[in-house]
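Listed below are the residues making up each chain.
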Amino acid sequence: MAIITGAGSGIGKETALLFAREGAKVTISDINQETGNKVVGEIKGNGGEAIFVKADAASETDVQNLVNETVSAFGKLDVFFANAGINIEADVDQLELEKWQKVIDVNLTSTFLCNKCAVQQFKKQGTGGAIVNNGSIHSFVARKGLTAYASSKGGVKMLTQMVGTTYAKEKIWSNMVCPAYTNQTISSEIRGQLADLHPFGRLGEPIEVADAVLFMASDDASFITGTSLKVDGVYTAV
Ligand SMILES: NC(=O)c1ccc[n+]([C@@H]2O[C@H](COP(=O)([O-])OP(=O)(O)OC[C@H]3O[C@@H](n4cnc5c(N)ncnc54)[C@H](O)[C@@H]3O)[C@@H](O)[C@H]2O)c1
């Protein structure tokens, strides 16, 4: 029983399809109802089980409702992938407060709310559970223009460590995947340029991130919490 935010596209969608192939019942959540419903249709078409719940991941009411709807459909919650995220680029002296706030809300505050509501639900169930947050290589390294994005993802890293530390004895795990650039969102003009930043010489594929999320969410990661798994084609190691 898993929830994925931002599951209508990209890494979230690929992870939802993978989880469903592995037999999980999946709640597809997104602000975009149309793309979310398409993912549900694809999962059901392949014989899996999924529901769509529309939620703005930066709204506490929406995230609480998302957990409630999931539990009422599937009986309990085991895994929460806090994936929704956006980027607005500007150097610090050019960045309007409103845009800074939007990125912090969708990337960092949403991750806080997903962790908060998931922990509350795991405690209510009296079970452990696994949270995976979607960070970024920019939780660790800067790049010009990513003022708000990198700041928000740095915050996700520390939030992951906080939640991992706080609930370790209750078997509530919070970990983070940190992708480098993946293929789906990159325009062809800058694809080559970005690929050169990865010693692999190519961008990642969403499925390569999804595989890491699946591991972090599984019992195979039973002694791993509060940590980060970089899925980055060696971007940060050089
Ligand atoms: N793609 C990359 O290269 C890359 C690299 C590193 C990290 N990431 C992170 O991975 C995550 C997913 O990225 P992606 O590239 O797959 O994105 P994407 O743009 O393909 O998909 C993001 C989804 O989130 C949804 N969304 C946006 N705002 C939302 C909100 N407030 N509430 C709920 N849903 C919302 C969108 O509708 C969309 O379906 C993000 O957190 C991103 O920062 C992506």
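Residues numbered from 1 in each chain as written. Predicted model: local features only at pLDDT ≥ 70, side-chain atom pairs only at ≥ 80, totals over all residues.

Our focus in this paragraph is the site of the ligand. G6, G8, G10, A57 and G85 are the nearest of the 26 residues found near the ligand. With 3 residues, the top contributor of residues to the shell around the ligand is helix α1 (residues 10-21). Across the shell around the ligand, the residue classes break down as 9 nonpolar, 15 polar and 2 charged. (Near = placed C-beta within 6 Å. Helix = DSSP H or I, 4+ residues; strand = E, 2+ residues; numbered from the N terminus. Nonpolar A, V, L, I, M, F, W, Y, C, P; charged D, E, K, R; others polar.)

Of note in the backbone geometry, K171 takes a positive phi value of approximately 60° without being a glycine. Position of K171 relative to the elements: it lies in the loop between α5 (147-167) and β6 (172-179). The partly exposed category is assigned to K171, around which 13 C-beta atoms lie within 10 Å. Even without a glycine there, the phi angle at V234 is positive, about 70°. Its location among the elements puts V234 in the segment after β7 (228-231). (Buried ≥ 20, exposed ≤ 12 C-beta atoms within 10 Å, placed from the backbone.)

A separate point is the nonpolar core. Residues A16, V26, I28, F80, F81, V177 and V213 are the most contacted members of the largest nonpolar core, which totals 67 residues. Excluding residues within four positions of it along the chain, V213 makes contact with T15, F81, V132 and V177. (Core = buried A, V, L, I, M, F, W, Y, C linked by C-beta atoms within 7 Å. Contact = placed C-beta atoms within 7 Å.)

Further remarks concern the sheet that holds strand β3 (residues 49-54). Taken in spatial order, the 7 strands of this open sheet run β3-β2-β1-β4-β5-β6-β7, and their pairing is parallel. The two strands at the open ends of the sheet, each matched to only one other strand, are β3 and β7. Going across the sheet, the axis of each strand differs from the next one's by a mean of 20°, ignoring polarity. Pairing geometry for strand β2 (residues 25-30) and β3, over 6 bridges, is parallel. Bridge pairing in β3 places V26 opposite A50. Lying over the sheet, α1 contacts β1 (2-5), β2, β3, β4 (79-82), β5 (129-134) and β6, oriented at roughly 165° with respect to β1. Running over the sheet, helix α2 (residues 33-45) touches β2 and β3 and is turned about 170° from β3. (Pairing = 2+ DSSP bridges. Axes fitted to C-alpha atoms, helices over the stretch in contact; angles between N-to-C directions.)

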